[in-house]
Amino acid sequence: MKIKLEHGAGGEIMEELLRDVILKNLSLNSAGGIGLDALDDGATIPFGDKHVVFTIDGHTVRPIFFPGGDIGRLAISGTVNDLAVMGAQPIALANSMIIGEGFDGEDFIKILRSMDETAKEVPVPIVTGDTKVVEDDIGIFVITAGIGIAERPISDAGAKVGDVVLVSGTIGDHGIALMGHREGIAFETELKSDVAPVWEVVKSVADAIGWENIHAMKDPTRGGLSNALNEMARKANVGILIREADVPIKPEVRAASEMLGISPFDVANEGKVVMIVPKEHAEDALEAMRKTEKGRNAAIIGEVIEDYRGKVLVETGIGGKRFLEPPAGDPVPRVC
Amino acid sequence: MKAYRIHVQGIVQAVGFRPFVYRIAHEHDLKGYVKNLGDAGVEIVVEGHEKNINSFLRDLREKLPPLARIERIKKREVPVQGFDRFYIEKSSPGGSEGDSIIPPDVSICDDCVRELFDPTNKRYMYPFIVCTNCGPRFTIIEDLPYDRENTTMKEFPMCDFCESEYKDPLNRRYHAEPVCCPVCGPSYRLYTNDGEEIIGDPLKKAAELIDKGYIVAIKGIGGIHLACDATREDVVEELRKRTLRPQKPFAIMAKDIETIKEFAFIGPEELEELTSYRKPIVTLRKKEPFPLPEILAPGLHTIGVMLPYAGTHYILFHYSKTPVYVMTSANYPGMPMVKDNEKAFEELKAMADYLLLHNRKILNRADDSVVRFVDGKRAIIRRSRGFVPLSIGIPFGYRGLAMGAELMNAFGFSKNGKIYPSQYIGNTSKVEVLEFMRQAIEHFKKILRIKKLDLIVADLHPSYNTTKLAMEMANELGVEFLQVQHHYAHIASVMAEHNLDEIVGIAVDGVGYGTDGHTWGGEVIYLSYEDVERLAHIDYYPLPGGDLASYYPLRALMGILSNVYGIDELEEIIEKCCPKAVESLPYRRVEFNVILTQLAKEVNTTYASSTGRVLDAFSVLLNVAYRRHYEGEPAMKLESFAMRGKNDLGFTVPAEGELIKVEEMFRQALEVNAAPADVAYSVHLALARSFGEIAVEKAKEFGVKNVGISGGVAFNELIVKTVRKIVEANGLKFYSTYEVPRGDNGINVGQAFLGGLYLEGYLSGEDLML
Ligand SMILES: [Fe+3]
Ligand SMILES: [Mg+2]
Ligand SMILES: [Zn+2]
Ligand SMILES: [Zn+2]
């Protein structure tokens, strides 16, 4: 086997790599709680009557500075969000940076300042780190690890039939903005990434309805909403039905995605959370999300259903229903 | 004195076969019985003189009722039991997994039409009138044997009158299972779109409402139609709005042949097809000037027409002033045709003003079939009502399921050397359609008495729902699973229909997933029991935005042009030739610039060798059509436009090795100064010449005598005719399909054929996917 780009694209091919290669070779993989084999957003370690949640995320985004953020903000948000969607309050972060020889010093400082600012937003301290410089022309990679404390860890596998699916804001912002920026595509409006830590949003909901009423949570990063929902459906062995018209999408993101032929459901978000809660708590959860700055565009987008276990359906009004598949790397035309 | 037990297989149930046997047994003075078996076959026991039995057997083969077909007769001598008469025995569930099948739905026969309008007849103006020679079959049959209790007629117990006819061997309704009358049978009711019943004669009122310009949903044989007055432009326009079909040609139903002749040309073969018991929609050439509203089939030189095929239709036209109705299936684009009353009230609210519904369930949905005559021969666009479940012979005996492709789907079951293609399923990217497909698969399995499968065959496309469903089924049932390349299957369908050993095939098509991951659709393929090989293909061109290029063919045009012109030149060319195309994009100039960047930087760009997209692109370049509102629209309109061309401008499509350089033809078209219709005409000829000549050259090289054409573009008259002439001029045999649909609606037959080649060890799985 040769590693291909698709192996890291967050789709089915990546799933195969994780299951068939990584998990098969790393056998000691649990510390008594949710372990590596759950392929969740992070691991949990039971600690007294609480749980330590531990996660790590490597950031290789190109370009390093993009509309709405940069690799530093992304590195903090990515790890904080992985903790948050496990139901854990972020306690401390570790920061490893791998820098290519010749990297601009000013840019380096800009990145660090951005990390600092983002960390304060949460707030969470960066308590340890590691710096390497390599000859290869890689620019900069930022790897962050984080620990958090959860009263009651929330997996992404807890959806129950009858539950309601919420999303904390507009979908597709990061992926489409980045692609537009990277390829120098001139859309009418400049798109911005949504990169941000979502702990505030998660906490607000937990305060309103209690941790025990958040059945499942996930941050829809690589592979976007499509991938996140499919994983949640598959892991809980339930069906998920969402209504296309209810999924919040910024008009400029919709326009850009329609021009590119790329679905906003399939691309990364870096400041959003998908939450599944019991029906009777859905309105409260929605209100709690909307109270926060980062959750003001939150919406109820669908529900967990009995049929089509392991699959996600999109209801498109008079257009009927279609399956929402996890993106499979390259798109392949199918319209004859 | 001898006695024989005879097992007859074929289409011998639901076609008046038992009464026929009864009659000839009496004629030859034989005793015994005849009965239907649960495998759709018939068992006969006859006792009598050897000589009489032999003449009975001769008549059995030679004097069959019109719809019956005998596939096989097994005869075994049995001890004489001493029957005192010949009678029709109650059906029994027995029989084997034989070769029998129920017949398709048959349009109302002349005898029944005569009675329908005879005021002295008990069934005067009764729309459900049938006899042993006509009426619904496939659509109402739940299970076998074909008895009333196994059909949706079981809810209507016969009255004494009907029963007396049913039991009278000399009556033409003897054992006609759906027999009924106004006293005991189903009936129509007319409702407003909020479900309020309208009092009065429902059919008469419905006809009046149509005359007044209303849109009426009419439940018929295989589903529900939306009907309206086809002579009124405003009404047709309204129907377009309500059904969200701005452009798709509407099929119309005309009262009679004379009416059709007023607005369309009918050739002798077309007449035969129109009036056949199948009563399909036949696309006919419009007369010019066209006396009906142009918006019935905007931008096309043809119009799809059918004749009345049920009592309902005859009665409606009897009361109606207008002799032509639009009769389009009642559904939103891409969704299955509505067939149930409850659903009708829910889903047709916004489409129909009134609903004319009957209370007999439609068990199996069957859309109207659509047929076109191409180069003088029948080409089936949609094979459904009237055809299904008839079979097509293949030289492989395995039991298999071929799933078809994604759009225009039909699946097919293979069994004992035959493939039984399903009714039209539709666009399987919709969950609702996939559900219908699942049910239809179960139904076919049941009526074909297929218990265990040897193989499930699907398309190579990884994201077709049919591929995924096939994989799931194969896993669940523990059946071997095979994927075959789309265009190999198209060409295999030609081999299947004509039972060929080898062929050089031209697969001209919209989109199919290639073995190299690119999008194919303009291929020359060698296919035989020994090998399959892609010999030549349209040179790949980029499709910026992937599927978007199907809906906005300007994208395909820009992609193809980018093979010969620089990105910077594209803007100028488009500006000069088809500036309006830019305006047709949803985001206009901004989007146009995005496409240029997509091409320059290969953002979400796929590579294709599709012939369909080439024709689409010319449609844009020549300002014929900028959008695809329905499948094939830009290419179909281009063909209609080309029909007005007269001069062959002599374009050429050079081949370099295995690459067919269509982009060169675009260059020639841009440099020539000629009437656009002539350009369109010449494009068709040049493309066809190129494919024809390459295929002939390859056939000679391989020593193959047969050249065939299939795929969605094989409905194109100019292309098919030109290719045929080249092939025949070179002393080779030309084939297309005349029974199997040439587009994706027929691909299941090719898949099943390849499945046979695979199972019998002629071709490997790798041959078919790599
Ligand atoms: Fe095709
Ligand atoms: Mg992560
Ligand atoms: Zn009849
Ligand atoms: Zn009756």
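Rules and cut-offs
Residues numbered from 1 in each chain as written. Chains lettered and ligands numbered in written order. Predicted model: local features only at pLDDT ≥ 70, side-chain atom pairs only at ≥ 80, totals over all residues. Heavy atoms only, no water. Helix = DSSP H or I, 4+ residues; strand = E, 2+ residues; numbered from the N terminus. Contact = heavy atoms within 4.5 Å. Areas by Shrake-Rupley, 256 points an atom, 1.4 Å probe, with all protein chains shown as cover. Lys, Arg positive; Asp, Glu negative; His and termini not counted. Charge placed at Lys NZ, Arg CZ, Asp CG, Glu CD. Pairing = 2+ DSSP bridges. Axes fitted to C-alpha atoms, helices over the stretch in contact; angles between N-to-C directions. UniProt positions renumbered as here; feature names shortened; annotations may be inferred. Salt bridge = Lys/Arg side-chain N within 4 Å of Asp/Glu carboxyl O. Polar contact = N/O pair within 3.5 Å; in protein donor to acceptor, adjacent residues only side chain to side chain. Nonpolar A, V, L, I, M, F, W, Y, C, P; charged D, E, K, R; others polar. Donors = N, O, S within 2.8 Å, 3.2 Å for Na, K, Ca; no water. Tetrahedral: all angles 85-135°; square planar, octahedral: opposite > 155°, others 65-115°. Buried < 20%, exposed > 50% of the residue type's maximum accessible area, 1.4 Å probe, protein only. Patch = residues over 30% accessible without salt bridge, like charges linked within 9 Å, V, L, I, M, F, W, Y side chains within 5 Å. 1 Å grid on protein atoms, 1.4 Å probe; cavity = no way out; pocket = protein on both sides within 12 Å on 5 of 7 lines; lining within 4 Å. Core = buried A, V, L, I, M, F, W, Y, C linked by side-chain atoms within 4.5 Å. Domains from an automatic or database assignment. Buried area = accessible area lost by both parts, 1.4 Å probe. Points joined across faces, edges and corners; volume = space filled by probe spheres on them.

(A) Highlighting the overall build of chain B. Looking only at helices and strands, chain B features 25 helices and 32 strands. Once the C-alpha set of chain B is aligned to its principal axes, its extents read approximately 90 × 65 × 50 Å. Contacts in chain B between residues far apart in sequence, at least 24 positions, make up 72% of those at least 6 positions apart. About 26500 Å² of surface is accessible on chain B, with carbon and sulfur atoms providing 48% of the total. In chain B, 92 positive and 106 negative side-chain charges are present, and the distance between their average locations comes to 5 Å.

(B) Just the sheet that holds strand β18 (residues 392-393) of chain B, in detail. All names here are of chain B. Reading across the sheet, the six strands line up as β18-β21-β20-β19-β22-β23 and stay open at both edges, with mixed pairing between neighbours. Edge strands, defined here as strands with exactly one partner in the open sheet, are β18 and β23 (480-484). Examined bridge by bridge, strand β19 (residues 400-402) and strand β22 (residues 455-459) share three bridges and lie parallel to one another. From the neighbouring strand, Ala402 faces β22, where its bridge partner is Val457. Running at roughly 25 degrees to strand β20 (residues 412-415), helix α11 (residues 431-447) makes contact with β19, β20 and β21 (418-421) of the sheet.

(C) Region of the structure containing the UniProt feature "domain: PurM-like N-terminal" (unreviewed entry) in chain A. Here the UniProt feature "domain: PurM-like N-terminal" (unreviewed entry) sits at residues 40-150 of chain A. Helix makes up 28% of residues 40-150 of chain A and strand makes up 46%, while its end C-alpha atoms are separated by 15 Å.

(D) Quick peek at the interface of chain A and chain B. With 30 residues of chain A at the contact, the number on the chain B side is 44 residues. At the boundary of chain A with chain B, the tally comes to three salt bridges. Linking A:Lys321 and B:Glu432 is a salt bridge whose minimum nitrogen-to-oxygen distance equals 3.7 Å. Linking chain A to chain B there are twelve residue pairs in polar contact (both at pLDDT 80 or more). Elements with a contribution of two residues or more to the side of chain A that touches chain B: α4 (173-183), α7 (251-260) and β14 (321-323) of chain A. Residue contributions to the side of chain A that touches chain B peak at five residues, all from α7(A). Taken together, the residues that form the side of chain A that touches chain B break down as 17 nonpolar, four polar and nine charged.

(E) View of the sheet that holds strand β1 (residues 43-47) of chain A. All names here are of chain A. Pairing is mixed across the open sheet formed by five strands, whose spatial order is β1-β2-β7-β5-β6. Across the chains shown, the open sheet's two edge strands, defined by having one partner strand only, are β1 and β6 (126-134). Each strand axis lies, on average, 15 degrees off the axis of its neighbour in the sheet, ignoring direction. Inspection of the sheet shows strand β2 (residues 50-59) paired to strand β7 (residues 140-150) by nine bridges, in the antiparallel sense. Of the residues in β7, the one forming a bridge with Gly58 is Ile143.

(F) Molecular detail of the coordination of the zinc ion (ligand 3). Residues and elements named next belong to chain B. For the zinc ion (ligand 3), the protein coordination sphere consists of Cys109 (SG), Cys112 (SG), Cys131 (SG) and Cys134 (SG), at 2.2 to 2.3 Å. In this structure, the zinc ion (ligand 3) is coordinated by four donor atoms arranged in tetrahedral fashion, with angles at the metal of 103 to 117 degrees. Look at where the donors of the zinc ion (ligand 3) fall in the sequence and you get C-x2-C-x18-C-x2-C. This pair shows no difference in class: Cys109 is buried, exactly as Cys112 is.

(G) Quick peek at a nonpolar patch on the surface. A contiguous nonpolar patch, built from A:Phe54, A:Ile91, A:Ile147 and A:Ile149 and spanning about 310 Å² of accessible area, is present on the exposed surface. When you line up the elements, A:Ile149 lands in strand β7.

(H) Seen up close, the UniProt feature "active site" (unreviewed entry) in chain B. All names here are of chain B. As annotated in UniProt, the feature "active site" (unreviewed entry) corresponds to Arg18 and Asn36 in the numbering used here. The annotated residues occupy 19 residues of the chain but converge on a single region, no pair of C-alpha atoms lying more than 7.9 Å apart. Lining the second largest cavity, from the residues just named, are Arg18 and Asn36. Taking the relative accessible area as the measure of exposure, Arg18 reaches 5% and is therefore buried. Beyond its immediate sequence surroundings of up to four residues, Arg18 is in contact with Val34, Lys35, Asn36, Ile88, Ser91, Tyr146, Asp147, His175 and Glu177. Topologically, Asn36 is positioned in strand β2 (residues 31-36). What makes Asn36 buried here is its relative accessible area of 1%. In contact with Asn36, other than residues within four places in its own chain, are Gln13, Arg18, Gly41, Val42, Ser91, Ser92, Pro145, Tyr146 and Asp147.

(I) Broad picture of the nonpolar core. All names here are of chain B. Counting 159 residues, the largest nonpolar core has Phe17, Ile44, Leu60 and Phe263 as its most contacted members. With nine residues, α11 is the largest single contributor of residues to this core. Other than its neighbours up to four places away in sequence, Phe263 contacts Ile252, Ala254, Arg285, Lys286, Lys287, Phe290, Pro291, Leu292, Ile303, Val305 and Val324. Listed in part, the 83 residues of the second largest apolar core include Val504, Leu554, Phe641 and Val696.

(J) Focus on the domain arrangement of chain A. All names here are of chain A. What the domain assignment reports for chain A is domain 1 (5-150) and domain 2 (163-323). Here domain 1 and domain 2 have C-alpha centroids that lie 21 Å from each other. Each partner contributes residues to the interface: domain 1 has 33 residues there, and domain 2 has 28 residues. Here domain 1 and domain 2 share an interface that buries about 2400 Å² over both sides, 57% of which is from carbon and sulfur atoms. One can count three salt bridges joining domain 1 with domain 2.

(K) Inspection of a negative patch on the surface at higher detail. A cluster of acidic residues, A:Glu101, A:Glu135, A:Asp136 and A:Asp137, forms a negative patch at the surface. Given the relative accessible area of 57%, A:Glu101 is considered exposed.

(L) Looking closely at empty space enclosed by the protein. Residues and elements named next belong to chain B. In total, this model carries four cavities of 30 Å³ or more according to the counting rule given. For the largest cavity, the calculated volume is near 180 Å³. What lines the largest cavity is a set of 21 residues, and nearest its centre among them are Gly135, Pro136, Ile221, Ala310 and Gly311. If you add up the space inside the second largest cavity, you get close to 90 Å³. When residues of the lining of the second largest cavity are assigned to their parent elements, the largest contribution, three residues, is made by helix α1 (residues 17-27). In terms of residue class, the lining of the second largest cavity is made up of seven nonpolar, five polar and three charged.

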